[in-house]
Amino acid sequence: MALPANATLGQQVGYVGLRVICAFGFLFLLLPTLIIMPISFSSGTFLNYPLPCLSLRWYEQVLQPHPWGFAFENSMIVACATTVIATVLGTLAAYGLTMAQFRFKGLLVGFLISPLVVPLVITALAAYFALAKVGLLGTHIGLILAHTALATPFVVITVTATLQGFDHTMVRAAESLGANPINAFFSVTLPLILPGVLSGAVFAFVTSFDEIVVALFVAGPGQFTMPRQLFADLRDQLNPSIIAVATLLTVASICLMALIEILQRRKDNG
Amino acid sequence: MRRRGGFALRRSPGHAALCWGGFGISASSRHAQTTDPSVLAGKLARGDRARKLTALSLIAPLFLLLVCVFGVPILAVLYYSVDNPLVSRILPQTTAAMAEWDGQALPGEAAFEAFAADAKHAYKAKTIARAALRLNYEIAGFRSMTMKAARRIKRLTGPSIKEDLIALDKRWGDIAYWRAIKDASASYTPRYLLAAVDLKMTWDQGLVQAEENRRIYLAYLTETFWISAVVVFLCVVIGYPIAYLIATSKPANQRILFILILIPFWTSLLVRTAAWVVLLQNQGMINGFLIWLGITDQPFEMIFNRFGVYVAMVHILLPFMVLPLYSVMKSISTDYMRAAASLGARPFSAFLSIYLPQTIPGLGAGCLLVFVISLGFYITPALVGGRSDQMVASLIAEFALGTANWGMAAALAVVVLVCVAAIYPIYHRFAGGDRMNLN
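These numbers were taken from a predicted model, which means no experiment stands behind them.

(A) Representation of the overall build of chain A. A count of helices and strands for chain A gives 11 helices and 0 strands. Starting at the N terminus, the α and β elements of chain A follow one another as α-α-α-α-α-α-α-α-α-α-α. Taken against the 2.2 N^0.38 rule, which gives 18 Å for 270 residues, the C-alpha radius of gyration of chain A at 24 Å runs more than 25% over that of a compact globule. In chain A, buried positions account for 55% of the 270 residues. In the structure as shown, chain A presents an accessible area of about 11,700 Å², 70% of it carried by carbon and sulfur atoms. Positive and negative charge centroids in chain A, built from 11 and 10 side chains respectively, lie 9 Å apart.

(B) Main features of the confidence of the model for chain B. Residue and element names in this part refer to chain B. Averaged over chain B, the pLDDT score is 84; the fraction of residues at 70 or greater is 89%. Low pLDDT, under 50, characterises residues 1–32; the stretch is placed with 44 contacts to residues that sit more than four places away or in other chains. Within the model, the stretch residues 433–439 combines pLDDT values under 50 with 20 contacts to residues more than four positions away or in other chains.

(C) Focus on a nonpolar patch on the surface. A cluster of nonpolar side chains, namely Leu-27, Leu-31, Ile-35 and Tyr-49 of chain A, defines an oily patch on the protein surface of about 330 Å² accessible area. Tracing the sequence through the fold places Leu-27 of chain A in helix H1 (residues 9–36).

(D) Main features of helix H7 (residues 169–176) of chain A. Residues and elements named next belong to chain A. Three or more residues of H7 are buried, namely Val-171, Arg-172 and Ala-174. The buried residues of H7 occupy one face: seen down the axis, they fall within an arc of 155 degrees. In the stretch just after H7, Gly-178 is the one whose phi turns positive, near 105 degrees.

(E) Expanded view of the interface of chain A and chain B. Contacts between the two partners involve 96 residues from chain A, matched on the other side by 94 residues from chain B. Taking both partners together, chain A and chain B bury about 8,500 Å²; carbon and sulfur atoms supply 80% of that area. Per-residue buried area on chain A facing chain B is highest for Leu-29, Gln-101 and Phe-129 of chain A; these three make up 9% of the total on that side. Run the count over chain A and chain B and you get 1 salt bridge. A salt bridge links Arg-255 of chain B to Glu-261 of chain A; its shortest N-O distance comes to 2.4 Å. One can count 7 residue pairs in polar contact (both at pLDDT 80 or more) joining chain A with chain B.

(F) Fine view of the packing of helix H7 (residues 109–124) of chain B against helix H9 (residues 142–152) of chain B. Residues and elements named next belong to chain B. For the pair H7 and H9, interaxial distance at closest approach is 9 Å and the crossing angle is 85 degrees. By the criterion of interaxial angle, the relationship of H7 to H9 is roughly perpendicular. Listed contacts from H9 to Phe-115, Ala-119 and Tyr-123 of H7 are Thr-146, Ala-149, Ala-150 and Arg-151. In the contact of H7 with H9, the residues fall into 5 nonpolar, 1 polar and 1 charged.

(G) How the structure looks around the packing of aromatic side chains. Under the counting rule described, the total for this entry stands at 32 aromatic pairs over all chains. Residues Tyr-128 of chain A and Trp-406 of chain B carry aromatic rings whose centres are separated by 5.8 Å and whose planes lie at 65 degrees to one another, so their mutual orientation is edge-to-face. With one member in each of two chains, Tyr-128 of chain A in helix H5 (residues 120–133) and Trp-406 of chain B in helix H22 (residues 406–431) form a pair that bridges those chains. Relative accessible area serves as the criterion here: at 12%, Tyr-128 of chain A is assigned to the buried category. Its relative accessible area of 22% is what places Trp-406 of chain B among the partly exposed residues. Relative to Trp-178 of chain B, the ring of Phe-115 of chain B lies with its centre 6.0 Å away and its plane at 75 degrees, an arrangement referred to as edge-to-face. Of this pair, Phe-115 of chain B sits in helix H7 while Trp-178 of chain B sits in helix H11 (residues 175–184); the two residues are 63 residues apart in sequence, bridging distant segments of the chain. An identical accessibility class is assigned to Phe-115 of chain B and Trp-178 of chain B; each is buried. Among the aromatic residues, those joined into a ring-pair cluster are Tyr-128, Phe-129 and Phe-217 of chain A together with Tyr-79, Tyr-80, Tyr-188 and Trp-406 of chain B.

(H) Examining the nonpolar core more closely. Leu-125 and Phe-217 of chain A together with Val-231, Trp-266, Leu-317, Ile-379 and Leu-412 of chain B are the most contacted members of the largest nonpolar core, which has 191 residues in total. Element by element, the count of residues in this core is highest for helix H17 (residues 306–329) of chain B, at 17 residues. For this core, the two domains that each supply at least three residues are domain 1 (5–80) and domain 3 (217–431) of chain B. The next biggest cluster of nonpolar side chains, apart from the first, holds 33 residues, and it includes Ala-111, Ala-150, Ile-161 and Leu-168 of chain B.

(I) Structural detail: the side chain of His-315 of chain B. Take His-315 of chain B: it is sitting in helix H17. The exposure class of His-315 of chain B is buried, given its relative accessible area of 0%. When near neighbours in sequence (up to four residues on either side) are disregarded, His-315 of chain B contacts Phe-28, Leu-29 and Pro-32 of chain A together with Arg-272 and Trp-276 of chain B.

(J) Layout of the pattern of salt bridges. Residue and element names in this part refer to chain B. Evaluated as defined, the whole model comprises 9 salt bridges over all chains. Measuring nitrogen to oxygen at the nearest pair gives 3.2 Å for the salt bridge that ties Glu-138 to Arg-134. Of this pair, Glu-138 and Arg-134 both sit in helix H8 (residues 128–138), 4 residues apart, which is roughly one turn of that helix. A relative accessible area of 1% places Arg-134 in the buried class. Note that Arg-306 and Asp-389 form a salt bridge whose closest N and O atoms lie 2.7 Å from each other. Of this pair, Arg-306 sits in helix H17 while Asp-389 sits in the loop between helix H20 (379–384) and helix H21 (392–402); the two residues are 83 residues apart in sequence, bridging distant segments of the chain. The two residues Arg-306 and Asp-389 agree in class, both being buried. Taken together, the shared-partner salt bridges in this structure form one network comprising Arg-134, Glu-138 and Arg-191.

(K) The environment of Val-155 of chain A, seen in detail. Residue and element names in this part refer to chain A. Within the secondary structure layout, Val-155 lies in helix H6 (residues 140–164). Separated by 15 residues in the primary sequence, Val-155 and Met-170 place their C-alpha atoms 23 Å from one another. When sequence neighbours within four positions are dropped, the list of residues in contact with Val-155 reads Ala-86, Thr-87, Gly-90, Thr-91, Thr-160, Gly-200 and Ala-204.

(L) Representation of the confidence of the model for chain A in the model. On average, residues of chain A carry a pLDDT of 89, and 97% of them reach 70 or more. Averaged over each element, pLDDT in chain A is lowest for helix H11 (residues 240–269) of chain A (86) and highest for H5 of chain A (95).

(M) Examining H9 of chain B more closely. Buried within H9 of chain B are the following residues: Phe-142, Met-145, Thr-146, Met-147, Ala-149 and Ala-150 of chain B. Turning to H9 of chain B, the residues buried within the fold contact H7, H8, helix H10 (161–168) and H11 of chain B.

(N) Region of the structure containing unusual backbone geometry. His-66 of chain A connects to Pro-67 of chain A through a cis peptide bond whose omega is -5 degrees. Structurally, Pro-67 of chain A can be placed in helix H3 (residues 65–99). A positive phi is found at Ala-404 of chain B, a non-glycine position, where the angle reads about 55 degrees. Topologically, Ala-404 of chain B is positioned in the loop between H21 and H22.

(O) Expanded view of the environment of Leu-249 of chain A. The topology assignment puts Leu-249 of chain A in helix H11. For the pair formed by Leu-249 of chain A and Asp-210 of chain A, sequence separation is 39 residues and the distance between their alpha carbons is 9.3 Å. For Leu-249 of chain A, the residues in contact, after removing those within four places along its chain, are Phe-209, Met-226 and Leu-230 of chain A together with Val-271 of chain B.

Rules used in this analysis
Residues numbered from 1 in each chain as written. Chains lettered and ligands numbered in written order. Predicted model: local features only at pLDDT ≥ 70, side-chain atom pairs only at ≥ 80, totals over all residues. Heavy atoms only, no water. Helix = DSSP H or I, 4+ residues; strand = E, 2+ residues; numbered from the N terminus. Rg over C-alpha atoms; globule rule 2.2 N^0.38 Å. Buried < 20%, exposed > 50% of the residue type's maximum accessible area, 1.4 Å probe, protein only. Areas by Shrake-Rupley, 256 points an atom, 1.4 Å probe, with all protein chains shown as cover. Lys, Arg positive; Asp, Glu negative; His and termini not counted. Charge placed at Lys NZ, Arg CZ, Asp CG, Glu CD. pLDDT = per-residue confidence, 0-100. Contact = heavy atoms within 4.5 Å. Patch = residues over 30% accessible without salt bridge, like charges linked within 9 Å, V, L, I, M, F, W, Y side chains within 5 Å. Salt bridge = Lys/Arg side-chain N within 4 Å of Asp/Glu carboxyl O. Arc of directions from axis to C-beta. Buried area = accessible area lost by both parts, 1.4 Å probe. Polar contact = N/O pair within 3.5 Å; in protein donor to acceptor, adjacent residues only side chain to side chain. Axes fitted to C-alpha atoms, helices over the stretch in contact; angles between N-to-C directions. Parallel < 35°, antiparallel > 145°, perpendicular 65-115°, else oblique. Nonpolar A, V, L, I, M, F, W, Y, C, P; charged D, E, K, R; others polar. Phe/Tyr/Trp six-rings, centres within 6.5 Å; stacked < 30°, edge-to-face > 60°. Core = buried A, V, L, I, M, F, W, Y, C linked by side-chain atoms within 4.5 Å. Domains from an automatic or database assignment.

As structure tokens, this is what we get:
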């Protein structure tokens, strides 16, 4: 969108104004997380510039087993378990949803993705009540189950989207050549929809890894995840170790985002 | 997914035969000799049914899991908002004795005796405190009054427990407290739901406003709605131009700008909130910068107030506005604007009458998405807001985790849920629910 040579004054003002607003918007979106990152290399305890000296002491502190190592371990356990359950069940359901028409399908889809549309705090409260009733409050299993509810819609949506372009006659071709349905799924369907399944899995992982509200409601001290530890530290003791964690998490999420981008391209090309 | 073959075929067998070739290689080779359309239709219907069964059995595991970990728990929230088991369970004899009481005059000796027996038993079983707390929700001060009575009840020996209790605390002779017991002993109660919108039921007047000092929930709700609305507005003001810029730039730039939006979208919510905590503090970077520039020598109060909440929430929710707007704008042809310009429309009026209407679906989706998400916001206001900036979600958390008042937590959740349910059909009409369609 370039400005024509004979632009009126009004057009010029609009052109410049749009760019000024957008520049402000992009800076607003990106600068805060970037500008704090160098503080994590500070040798002092102040969260401000100028840095007294460069040091890795805060990273050293973050790599200690307590509390961050413990939190990281918990987050990984919960996020990996959530990802496996959500990806397997979500992929099966998405496959089922695309292979036949039946009555109330719209309602069913609506129910399967409804954890996305209910405000998080209500889902968390519901999980809290339910897990308290069955005695799973403050257990890994309870947190994993609650996170699975939040993560599966992402898998269902991404895999369903991938399956939209999938030609089901290929499965029937495989079956006519003697493959049983399970065989056909693993040798024909899965390889073709793998990019979608993997991006669903990454979404599920990030959903669980970043999740804080449900964790606040249903996790006990034994399940302190990374976000919970961050939340606690942000309230109690503000020091550069938080920024070191934030920097590591941001780098990790940018890597995951790049992974999704690559998967999407593979899906679009193939 | 949109294959309607199954339905069409069952209705018209003749048509079925025509479509058959395209449907199944194995079947058509096996039954090459069969020409009767009705036989084919029958086989097809059977195959269709089998496929449906397979499909349903593939969906079933996730469905059942979601029913257990999401559906039933949400129903439990609805249930707990009206559930009222405490008093009738802890004071069963009193509940029974007062079942027939009409509330016109002070109950008789029998009710007092039942209460004394219940209180004695519950005091020993250490459950009386919970019943007393529950009664305190009805009338402030009821808790200490009940606890005192329960402690002394063993020593009350008089011929009339009624007189003894009234002698102990003359409020036991006040009919209002007995009405409260009767209200509180019902198995289900609307009091939490009513309290969540600052109403209460009284014995003789029906629905009235709650007492002044308990009239806080509507204020919380309106604050929550107001904050959400302001956040939506700010997101539109910043997000619309950004989406427009991305959608109208060259494809190569488009990709880069789009990724610049995705980076914050993928960054952890807590990390982004942490960034604002660091930046906005009184000794933080922004104030340090402003003082260094000489703009001010006193730090501005930017955190633990409404300003901080707006800034952090807009920062977190802006991508949710930009992404649906962008996906709509991307498909709008520039020809319309050029046509309008060639017909003499000034740029601004062309924008208003040609471009803006075409972006309404994206705009509506973005607004409602941001609005619904911010209604449930809890973490960010807790970290960057002051006491008066807490939203209804923090109240729900406080009731559930702090004071263990499940009824009130559930009732507030139900009110929010009803608001969202009222908003959602509008969102669905605009967006069709595919908010994850990021590319």
